[in-house]
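Spelled out from the first residue to the last, the chains are:
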Amino acid sequence: MGRYIVKRLIEGIITLWLITLAVFFILRLGGGNPIEYMLPPEASQADIDKLTQAYGFDKPLIHQYWIFNKKLLRGDLGDALAWDKRPTIDVVWDRIPATFQLATASMLFAVVLGVVIGAVSASRPDSLFDRVGRITAIVGQSMPVFWVGLLLILLFSVYLGWLPSAGGIDRLGWKGIIMPALSLGFFLVASHMRIVRSTMLEVLESDYIKMVRAKGLPTRMVIWKHAFKNASIPVFTLFFVNFAALISGAVVTETIFAWPGIGRLLVDSLILRDYPTTQTVIFFAAAFIVFINIMVDVMYAWLDPRIRVV
Amino acid sequence: MLYRPSKPKSLLLLPVIALFLATLMFSHQVQAQSKPWPDAFPKKGADGVPKSVDKLTIAVDSWGTSELNPWALTSVSFLGDYYNLRLMMQDPNGDLAAAWATEVNQTEEGLTFKINPRAHFQDGTPADAEAVKMNLEGFMGKHVEQGGYEAPLWNSAKANEFVESVKVISPSEIFVKTKGPKPTFMWNLGGNGYHLFWYGNPTQLMKGPQEYLQNPAGGGPYAIKKWDAGNRIVFERSEDFWGDYPHWHKPQAKAMEILTVKEPAARFALLKSQQVDIVYNLPWALAKGLPRSEDEGVRGVNPGKGDVWTQTYKANGMLALTFGCPIQIREAAKPEGRVDQAGVKIPKWTVAEICKDHPTLDKRVRRALNLAIDKRALSQGPHFGFSTPIGSLFHAGSFGSRPDKVSDPSPFDLAEAKRLMKEAGYENGFSMEGHFGQFAGRPGIPEAADFIASSWEKLGVKMTWKEHDPSDFVRGFRAGVFSWVPVNLQTWGRQDHSGVQISWYHATSGYVGMYNDKIEKLYFDIIATFDPEEMKRKLALLEDEVLGLEETFPLYGMSLVNAYTDRVLSHPTVEFSPHFKHYDLVLLKK
């Protein structure tokens, strides 16, 4: 098991390094000197040259990448070109709590609702509940997140005046996360509900469940204690995949609700041609996804020893 | 008198006579353009208006660059008005008014400023003439080494172009020696209008860019309580703010929070649900049905006609139709290695393949394409009346713009347009590609592109518009480049002085407008012309020359809508502005 974990960690580090390589060069594929975007049109060529030199953009790309790697090993991802020229790690770090809060709340909503609807639907296939549940899931997945967000704002902020709609938890308190989490989570309910329903249907048809039923256990016990436990592995995987995706930035939701997360930071940095901040956001997001994948793989290997051999 | 350009005594008599005659001639118009501020506005502490309220909350689409340090800005930031200083400022009537400096006296040699002796920074250090000197030298990049800043600072080119030296005469008086006559100094470094320079606390600035963020301690009416770059800023009132002018004093709101909310519908929802008091840049489509204070009573005063009301900044920018092929052909034919009058190398121009034989090289075609656009219909239709058709290169209300020219857009004449196309040999039209960018705070551009495309279809011209990232779009107009051919929708942010704008109608500009040798010569002549009337005359000559080329055609002046909840009693602010201003003068109900 130890060897397997080390192997996966090394693979993860290589993946991350390849990501930095790709991001570094893709960002610069468009050509042009970011300093020219940073300075106003009337800046003199001498000013552009001086600042280009100060930021090292005058050096060949390979040399720039070499410097980037050396700094990376020291934990330095460079200073932002915008955002008060602060170290990019600090800029990104400031935004991570808000993104984490939103991702957690959305996933909580999606999982709780998805699992309940999926499990109950599977226990009563083709019932009214099952049909309504499936329709709800399809609706959730079909409606664009920004539209759901605006509808929620219209209903809960404009008409009812119950919930605030702009800013993070530090500004609005816990009430502020309800609508962003609902609009983002609603989209994810469908995928969770579907996977729970299909795996539950399969499990409920298995012999051991029939035996449990034959023993006379109440339905609730059959579903939640015996069936759901075995049906939850794919749900677990889906949860982590979706959670990792949300951590890498829910750009649309963050824009609608003025949520101060890394999704908005990424878009703003791209617009400003702030390469160092863009690289750092992507690096953090990639690192998180790689970490989650390693964790899931290790967990699978622990649950099923055959995986370690493969 | 606050603003006193002084001249050699022998020349004093002529302007005095001219001023007297002009006063007689235009006295009627002056009376007609009454200035409602401050008399027609509610007063703090009178008639039930609270002296102090807890908080003012504002949602904006953008506040410019998300940086606080005036020496390290990468572009314009509009937040500086509230925590830092300007030498002088515009009052809500748009007149130059005292701020840090109470008075300015400008000559051809330079400017003498009288500094308000009460001025001080929020950490108690004096905001005296020495502080002005430190700031100006900082803008010029002279303290880079000591302060730990990356060289150079973005505004250093401009500061170095204007300032020769700075001399402190006394703690409350300073002389700024300029590099020759600099008639636009007050519009560039002085705080009049589109102020690009905010002055900070030198003690804090010298601590370096990172340390400065811990405590900017500026000299403005608000101190920064919370700064979340790109998202929100919370100001708290500086209780010992020294400003006591009618247009700049201790604000009514103890705290002012500004949020960036980029989604327009979300901004409007914030306003309708009264989560914010003011929304800056409400889209025209949403603003069209709301009560406008300028129509209902006094501009900037709550008309009391419902839960939401608006006030519009006019001429915050403009859009022009610009054909690039003629300039490429003209300039590429000139020899290499030329320099402009300032000694700056003029880049070598090349001609794009498409321009070598393009229909728009024919003046008749360009004229026909312009005549086919019904600018009034564009304004009234897709722009809901929030844009104004114009006939000038210069912005309405700016120094040097001619009101008759501004309000006289080129005519719509489809029959003549068709005749010209036929005469030029393009009776059946042609296809071409156009380019535009969408800029924050300059609404209506994509709608204009669609409108133009459908207008030109009537001439058989099939348009494909390409939208570009705004930064890319601006960089495509660099001298020697001019990428956006054969046609583009060139947009200009407001300049309150046309002499500033013409710096782009010039051979080495970073955002080239149309020019030829005559315009180039006029440009250098104008920027060294100290007499305001003479400058206006030359600006008119330049404008006539540019428009005569028929390579660029002004389309419309834009506007920006500020929307307010009923809680806002008034927001006295200028009629013309490129961005939000005077939020510190907003008065609220409890």
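Keep in mind the model is a prediction, meaning the values are calculated, not measured. (Residues numbered from 1 in each chain as written. Chains lettered and ligands numbered in written order. Predicted model: local features only at pLDDT ≥ 70, side-chain atom pairs only at ≥ 80, totals over all residues.)

(A) Expanded view of the overall build of chain A. For chain A, the count of helices and strands is 15 helices and 0 strands. Dimensions of chain A, computed from C-alpha atoms along their principal axes, come out at roughly 85 × 60 × 30 Å. Looking at chain A as a whole, 40% of its 310 residues are labelled buried. A separation threshold of at least 6 residues defines the contact pool for chain A, and within that pool the share at least 24 residues apart is 71%. (Helix = DSSP H or I, 4+ residues; strand = E, 2+ residues; numbered from the N terminus. Buried ≥ 20, exposed ≤ 12 C-beta atoms within 10 Å, placed from the backbone. Contact = placed C-beta atoms within 7 Å.)

(B) Expanded view of the nonpolar core. Counting residues in each nonpolar core, the largest one holds 163 residues, and the members touching the most others are B:Ala99 and B:Val279. Take this core: its biggest share by element is 15 residues, from helix H9 (residues 175–204) of chain A. Those residues in contact with B:Ala99 that sit more than four places away from it in its chain are B:Leu85, B:Arg86, B:Leu87, B:Met88, B:Met89, B:Gly191 and B:Trp248. Within the second largest apolar cluster, 61 residues are counted, among which are B:Ile390, B:Val406, B:Trp504 and B:Val546. (Core = buried A, V, L, I, M, F, W, Y, C linked by C-beta atoms within 7 Å.)

(C) Structural context of the interface of chain B and chain A. Residue-level contacts link 42 residues of chain B with 37 residues of chain A. Breaking the side of chain B that touches chain A down by element, the ones donating at least two residues are helix H5 (156–162), helix H8 (209–214), strand E13 (253–260), helix H9 (264–272) and helix H18 (470–475) of chain B. Per-element tally for the side of chain B that touches chain A: the top contributor is H9(B), with 5 residues.

(D) Up close: the confidence of the model for chain A. Of the residues in chain A, 94% have a pLDDT of 70 or more, and the chain-wide mean is 86. Ranking the elements of chain A by mean pLDDT puts helix H15 (residues 306–309) of chain A last with 63 and helix H7 (residues 145–159) of chain A first with 94. (pLDDT = per-residue confidence, 0-100.)

(E) Structural view of the packing of helix H5 (residues 88–123) of chain A against helix H11 (residues 219–247) of chain A. Residues and elements named next belong to chain A. Put simply, H5 and H11 touch, their axes get as near as 9 Å, and they point 145° apart. Of the two elements, H5 crosses H11, and the hand of that crossing is right-handed. Counted together, Thr99, Phe100, Ala103, Ser106, Met107, Val111, Val115, Ala119 and Ser123 of H5 and Thr219, Ile223, Phe228, Val235, Phe239, Asn242, Phe243, Leu246 and Ile247 of H11 form the full contact between these two elements. Looking at the contact of H5 with H11 residue by residue, the classes come out as 13 nonpolar, 5 polar and no charged. (Axes fitted to C-alpha atoms, helices over the stretch in contact; angles between N-to-C directions. Left-handed = near helix turned anticlockwise from the far one by under 90°. Nonpolar A, V, L, I, M, F, W, Y, C, P; charged D, E, K, R; others polar.)

(F) Here's a closer look at the pairing of strand E15 (residues 308–323) of chain B. Residues and elements named next belong to chain B. For E15, the tally of buried residues reaches 16 of 16 residues, placing the bulk of the element in the interior. Sheet topology note: the E15/strand E20 (residues 552–565) ladder contains 12 bridges and is antiparallel. Counterpart to Ala320 in the pairing with E20 is Pro554. Sheet analysis places E15 next to strand E19 (residues 487–493), joined by 7 bridges and oriented antiparallel. In the strand pairing of E19, Leu321 is matched with Leu489. (Pairing = 2+ DSSP bridges.)

(G) Local environment of H7(A). The end-to-end C-alpha separation of H7(A) is 20 Å, in line with the 21 Å expected for 15 residues at 1.5 Å each. Within H7(A), the axis deviates most sharply at A:Ile153, by approximately 25°. For H7(A), the full list of buried residues reads A:Val145, A:Val148, A:Gly149, A:Leu152, A:Ile153 and A:Ser157. Contacts from the buried residues of H7(A) go to H9 and helix H12 (251–256) of chain A together with H9 of chain B. Once H7(A) finishes, A:Gly161 follows within two positions and takes phi at roughly 65°, a positive value. (Expected span 1.5 Å × (residues − 1). Bend = angle between axes of the 7 residues up to and from the residue.)

(H) Inspection of the environment of A:Ala286 at higher detail. Residues and elements named next belong to chain A. Within the secondary structure, Ala286 sits in helix H14 (residues 275–303). With 20 C-beta atoms packed within 10 Å, Ala286 lands in the buried category. Separated by 38 residues in sequence, Ala286 and Ser248 place their C-alpha atoms 7.5 Å apart. Sequence-distant contacts of Ala286, defined by excluding residues within four places in its chain, comprise Leu16 and Ile19.

(I) Expanded view of the confidence of the model for chain B. Residue and element names in this part refer to chain B. Across chain B, the average pLDDT comes to 91, with 93% of residues at 70 or higher. Counting interchain partners and residues more than four positions distant, the pLDDT-below-50 stretch residues 18–32 has 1 contact. Here the predicted complex carries an ipTM of 0.86, next to a pTM of 0.89.

(J) Highlighting helix H20 (residues 517–527) of chain B. Residues and elements named next belong to chain B. For H20, the set of buried residues is Ile519, Leu522, Tyr523, Ile526 and Ile527. Here the buried residues of H20 occupy an arc of 120° about the axis, which is enough to place them on one side. Tucked inside the fold, the buried residues of H20 contact helix H19 (498–501) and helix H21 (532–549). (Arc of directions from axis to C-beta.)

(K) Looking closely at the pairing of strand E17 (residues 431–437) of chain B. Residue and element names in this part refer to chain B. Pairing of E17 with strand E18 (residues 462–468), which is carried by 7 bridges, proceeds in the parallel orientation. Opposite Phe436, over in E18, you have Glu467 as the bridge partner. The β-α-β motif built from E17, the intervening helix H17 (residues 445–457) and the parallel element E18 has right-handed crossover chirality. Here 2 bridges tie E17 to E19, and the two strands are oriented parallel to one another. Each bridged residue has a counterpart across the sheet, and for His435 the counterpart in E19 is Asn488. (Right-handed = clockwise from strand over helix to strand, strands pointing away.)

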